[in-house]
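Descriptive analysis of the structure
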Amino acid sequence: MLPVELHGTRARTLMWATEQDIEPAAVQQLRNIARLEWVHGVRVMPDVHLGKGATVGSVIAMRDAVAPAAVGVDIGCGMESVKTDLTAADLPDDLRSLRSRIEAAVPVGFQAHDDPVNVTRLGAEFAASHGAAARSARGWDTFWGAFGSLDEGVQARESKAHKQMGTLGGGNHFIEVCLDEHDTVWILLHSGSRNIGKELAERHMTVARALPHNRDLVDRDLAVFLSGTPEMDAYRRDLTWAQEYAARNRAVMLALVCRAVRDEFAGRPVHFDEPISCHHNYVAEELIDGMPMLVTRKGAIRAGVGDLGLIPGSMGTRSYVVRGKGNPDSFQSASHGAGRRMSRAAAKRQFTVADLVAQTEGVESRKDAGVVDEIPAAYKDIDEVIAAQRDLVDVVATLRQVLCVKG
């Protein structure tokens, strides 16, 4: 019966997975986290797996402290999705043309736009998916105007950050065209704060490791910043900006994909619902057990009462649109995806391109050695992950991908 308690920890740790289902190194990592004197409690999602410093699939409530590793290096990484009025009957049998159009619109991997995206020129696509306020010049000017206040070590990266706005990246990031139970077409994408978020995170982690109060930690990657210090203030400033960068990045990408879809179906108007968006690597100020806490979710989404969230599977499995139940036991959280069950290196050793082709049958996608580490078998069973958190979320829609773009 879930959740179960991880015994022998200083801070109470509840898990929506059994200890036997988690690799021993991740269990030890959770124990290390729960030993920190500033930690009030730890909650572990069913997609839990080993991460750098802090475990992926963990929710950590701290008193007047934050561990950058508990957020991760891809600050603000998350999901965005929108329902269209297209149906399966509108889709051609061969989706290669649509995939090529999306890949031409959104740079993937290490690529960037040749010139920064002019959001005002996205026109109807941006307005349909995010409203006029999201594309206002004033809002963008204010956002970019804050770049000069970020850590001095990233100031030379501003041009690159502009050109990476509206780009996918690689690894487990993706853009998908999916069908729900009623054969309605959805667009689903996953990305974060790109290189600028990674650089900011790594610079602050280096600062944290050198602070005196972190000297005796069992794992220096769990180094924390303390409230009321200039180091914490600097981290929170850069973190907040990077979280906004990630959200704007997904918004621009979604608008670009919407435009590509409109162009592909030029013979008919295409309409888009309000988008669903959620971070799953971030910090928030929340009340936990009636006390103000700094809550980090690394590979976890907020699942407050009525909160809409997105929990993806893998290249060849289902994804879920969910609504939070506001369960206080989980610190109002849920999983961010299926979660890896083996490392990328292990997946490359175990599986071949032929395995990838077989496991992504029926999905228009890359099927080559460059994405074998993203093969569905490298991930946990998404249906089991969803079943393990019935007390955290209700399923709103079940999506199956028919097209997947990866870096």
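Per chain, the residues get numbers from 1 upward, laid out in the order the sequence is written. Reporting of local features is limited, given that this is a predicted model, to residues whose pLDDT is at least 70; pairs of side-chain atoms are given and counted only at 80 or more, and all residues count toward the totals for whole chains, interfaces and linings. Side-chain descriptors were evaluated using all non-hydrogen atoms of the structure, hydrogens and water having been removed beforehand.

As recorded in an unreviewed UniProt entry, the protein chain goes by 3'-phosphate/5'-hydroxy nucleic acid ligase and comes from Nocardia arthritidis. UniProt positions are given in the numbering used here, feature names are shortened, and annotations may be inferred rather than shown by experiment. Check the Catalytic activity (unreviewed entry) section of the UniProt entry for the protein chain; it says "a 3'-end 3'-phospho-ribonucleotide-RNA + a 5'-end dephospho-ribonucleoside-RNA + GTP = a ribonucleotidyl-ribonucleotide-RNA + GMP + diphosphate".

**Digging into the UniProt feature "active site" (unreviewed entry) in the protein chain**
Here the UniProt-annotated "active site" (unreviewed entry) positions come out as H336. Tracing the sequence through the fold places H336 in the loop between β16 (333–335) and α8 (344–350). Buried, partly exposed and exposed residues are distinguished by accessible area as a fraction of the type maximum, computed with a 1.4 Å probe on protein chains only: under 20%, between the cut-offs, and over 50%, respectively. With a relative accessible area of 11%, H336 lands in the buried category. Whenever two N or O atoms come within 3.5 Å, that pair is a polar contact, provided that in protein one can donate a hydrogen and the other can accept it, and provided that, for residues adjacent in sequence, both atoms are side-chain atoms. A distance of 2.5 Å separates a polar atom in the side chain of H336 from a polar atom in the side chain of D47. The numbering of helices and of strands both runs from the N terminus, where a helix is a DSSP run of H or I of at least 4 residues and a strand a run of E of at least 2.

**Some points on the nonpolar core**
I102, W144, I175 and W241 are the most contacted members of the largest nonpolar core, which has 84 residues in total. A per-element tally of this core places helix α7 (residues 230–264) first, with 15 residues. Residues count as neighbours in contact if any of their non-hydrogen atoms are within 4.5 Å of one another. Once residues within four sequence positions are removed from consideration, W241 is found in contact with F143, W144, A146, F147, L150, I196 and L200. Within the second largest apolar cluster, 47 residues are counted, among which are L14, L356, V372 and A378. To form a nonpolar core, buried Ala, Val, Leu, Ile, Met, Phe, Trp, Tyr and Cys residues must be joined to one another through side-chain atoms within 4.5 Å.

**A word on the packing of helix α6 (residues 194–209) against α7**
Close contact between α6 and α7 brings their axes to 9 Å; oriented N to C, the two are set at 165°. Overall, the two elements α6 and α7 adopt an arrangement that is roughly antiparallel. Where α6 crosses over α7, the two elements pack in a sense that is left-handed. For the pair α6 and α7, contact is made by R194, I196, G197, L200, H204 and V207 and by E231, A234, Y235, D238, W241, A242, Y245 and N249, respectively. For every element, the axis is a line fit to its C-alpha atoms; helices are fit only across the contacting stretch, and the angle between N-to-C directions ranges from 0 to 180 degrees. If an angle is under 35 degrees, it is roughly parallel; if it is over 145, roughly antiparallel; if it lies from 65 to 115, roughly perpendicular; otherwise it is oblique. Two helices that cross are described as forming a left-handed crossing if the nearer one is turned anticlockwise from the farther one by less than a right angle, and a right-handed crossing if clockwise.

**Considering the UniProt feature "binding site: Mn(2+) 1" (unreviewed entry) in the protein chain**
The UniProt entry lists D74 and H173 under the feature "binding site: Mn(2+) 1" (unreviewed entry), expressed in the numbering used here. These residues run over 100 residues, yet every pair of their C-alpha atoms falls within 11.1 Å of each other. Examined against the element boundaries, D74 turns out to sit in the loop between β5 (65–66) and β6 (78–87). Looking at D74, the relative accessible area reads 16%, which means it is buried. With residues near it in sequence (within four places) discarded, D74 still touches H173, G192, S193, R194 and N281. Examined against the element boundaries, H173 turns out to sit in the loop between α5 (158–164) and β7 (174–179). For H173, the side chain forms a polar contact with the main-chain oxygen of L168, separated by 3.1 Å.

**Remarks on the side chain of Q401**
Structurally, Q401 can be placed in strand β17 (residues 393–406). At 2.5 Å, the side chain of Q401 and the backbone oxygen of S314 are in polar contact. A polar contact of 3.2 Å, which involves the side chain of Q401, links it to the backbone oxygen of T317. With sequence-adjacent residues up to four places away left out, Q401 is seen in contact with E176, V177, C178, S314, M315, G316, T317, R318 and V363.

**Structural notes on the pairing of strand β8 (residues 184–191)**
Burial analysis of β8 places 8 of its 8 residues in the buried class, the great majority of the element. Burial of the side chains of β8 extends over both faces: T184, W186, L188 and H190 are buried on one face and V185, I187, L189 and S191 on the other. The pairing of β6 with β8 spans 7 bridges and is antiparallel. From the neighbouring strand, T87 faces β8, where its bridge partner is T184. Two strands qualify as a pair provided that DSSP identifies no fewer than 2 bridges between them.

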